[in-house]
Amino acid sequence: MEQSPWAIFPYPTMADGSVTDGSIRSAPMDCRRCRVRECAESSKPAGVLDQCRFGYGFSRVDDERVTMGLIPQLPSPNSKLRHRYRNSPSERVRAEEVTRAVEAARALGVGFVESLEIQEAEAIRQLGTNPAAMHAALEKLRKDFDQNLSQSHDFLQLLNQIRGHAETLLRLREPTMDVHHAAEKHFSEGAIYFASELMRLKVDALVYVEDPARALEETGLFEIHPLVLKYVRIYDWQARQKELDLRLEGECRERVRYRNDAIGAVIQGLLDNMIKYAPARSRATVRFDVTPQRVRIGFSSLGPRLMAGEDSKIWLPGFRGKVARELEPLGQGIGLGTVRSVLDAVSGRVSVEQADDPDQRFPAHYLTTFSVELDAVGP
């Protein structure tokens, strides 16, 4: 009888109801006899440990397989897992070791791990080695975005009408107050004002997906700090809806020479990405780091884990990271693609760094910093 390749995996696994013992741990009899099998229904990202009602830890490996029957130390174990951990020291496993084992298995890729995401990643990798195919794929995406853009003009007019009505209501309430501050003071009218403003910013950014070269037109000198502050204030409303502490730190008096709304599209895209994925009641920070020659703007928050190789792929239009799709199913992968397209056009730079270890309060999230560098002209 041919042995499953999963027998070399260190921990027991299950797929399609069939259990395979691991190379260093066998499946407990309780798991073999279990008819509930909560582990098979796990929706958590691969490599993230969870626990079942019977006191065993488990983690998804791919679309079909889970590793199960584990006794890990978890932040909030149920009573049965706590009992097993206390009374079975020889059977304990470390959560980080399980995660590494899952990552190693997934790194073997198509043919070993059954994962649609890995198959997509392999297709994208092959595109990267075939410039003609990559060009064709990007042209197809841009045509799709162009169609969306043509449909968006009517939508933009409607948004402007809605925002105009909201401004009128706010001026009636606060005749002597700035509209933005009035919107922060009055929740109902403010919600309409900020929601329409956010949508307008997103629609405006679509022009740079269609034609990034527009970022080179109508350039001029402007101060970068007021522009960033404007977008932070708009997104602060959305951040407060999910109890996210959004902060702007550092000083910047330098000016830059770019197209104002093109850099605005970059700031909007990174703020939108940050607010979308940061967990509620966490902190998100926009920080300036300035030298006489450049302005660096860092966007730091907790975000979904970037799998191996995704730090370079997330800039492709239409691509979204595997864990990001699991945490937030809605999205088209346009935002970061727009950021990279604009900065490539104007010779700016953008990068991403992520902590190796998950956050202690939010184990499924990692401290992630997107950094933008622009050439400074001086104060």
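In the block above lies the structure referred to throughout.
So, here is what we can say about the structure in this document. (Residues numbered from 1 in each chain as written. Predicted model: local features only at pLDDT ≥ 70, side-chain atom pairs only at ≥ 80, totals over all residues. Heavy atoms only, no water.)

Topic: the packing of aromatic side chains
Reasoning step 1: Considering all chains together, one arrives at 3 aromatic pairs under this definition.
Reasoning step 2: With a centroid separation of 5.5 Å and an interplanar angle of 65 degrees, the aromatic rings of Trp6 and Phe9 are classed as edge-to-face.
Reasoning step 3: What makes Phe9 buried here is its relative accessible area of 6%.
Reasoning step 4: A centroid spacing of 5.8 Å and a plane angle of 90 degrees characterise the contact between Trp315 and Phe370, whose relative ring orientation is edge-to-face. (Phe/Tyr/Trp six-rings, centres within 6.5 Å; stacked < 30°, edge-to-face > 60°. Buried < 20%, exposed > 50% of the residue type's maximum accessible area, 1.4 Å probe, protein only.)

Observations concerning helix α12 (residues 335-345)
Reasoning step 1: Residues of α12 that are buried include every one of Leu336, Gly337, Thr338, Val339, Ser341, Val342 and Leu343, and no others.
Reasoning step 2: Positive backbone phi, at 65 degrees, marks Ser347, one or two positions downstream of α12. (Helix = DSSP H or I, 4+ residues; strand = E, 2+ residues; numbered from the N terminus.)

Some details on the packing of helix α9 (residues 260-277) against α12
Reasoning step 1: Relative to each other, α9 and α12 sit at 150 degrees, their axes nearing to 8 Å. In this view, α9 runs roughly antiparallel relative to α12, as classed from their interaxial angle. In this structure, α9 meets α12 at a crossing whose hand is left-handed. On α12, the residues that touch Ala262, Val266, Gly269, Leu270 and Asn273 of α9 are Leu336, Val339, Val342 and Leu343.
Reasoning step 2: Taken together, the residues of the contact of α9 with α12 break down into 7 nonpolar, 2 polar and no charged. (Axes fitted to C-alpha atoms, helices over the stretch in contact; angles between N-to-C directions. Parallel < 35°, antiparallel > 145°, perpendicular 65-115°, else oblique. Left-handed = near helix turned anticlockwise from the far one by under 90°. Contact = heavy atoms within 4.5 Å. Nonpolar A, V, L, I, M, F, W, Y, C, P; charged D, E, K, R; others polar.)

Here we look at the pairing of strand β13 (residues 366-375)
Reasoning step 1: Extensive coverage of β13 is indicated by the burial of 7 of its 10 residues.
Reasoning step 2: Strand direction decides the pairing type here: strand β11 (residues 294-303) and β13, joined by 10 bridges, are antiparallel. The residue bridging Ser300 from the neighbouring strand is Thr369, located in β13.
Reasoning step 3: Pairing between strand β12 (residues 349-354) and β13: 6 bridges, direction antiparallel. (Pairing = 2+ DSSP bridges.)

Describing the side chain of Thr67
Reasoning step 1: With respect to the helices, strands and loops of the structure, Thr67 is situated in strand β5 (residues 65-72).
Reasoning step 2: The class of Thr67 is buried, set by a relative accessible area of 0%.
Reasoning step 3: A polar contact of 2.9 Å, which involves the side chain of Thr67, links it to the backbone oxygen of Pro12.
Reasoning step 4: If we ignore the near neighbours within four places in the chain, the residues touching Thr67 are Phe9, Tyr11, Pro12, Thr13, Gly57, Phe58, Ser59, Val61, Val98 and Val102. (Polar contact = N/O pair within 3.5 Å; in protein donor to acceptor, adjacent residues only side chain to side chain.)

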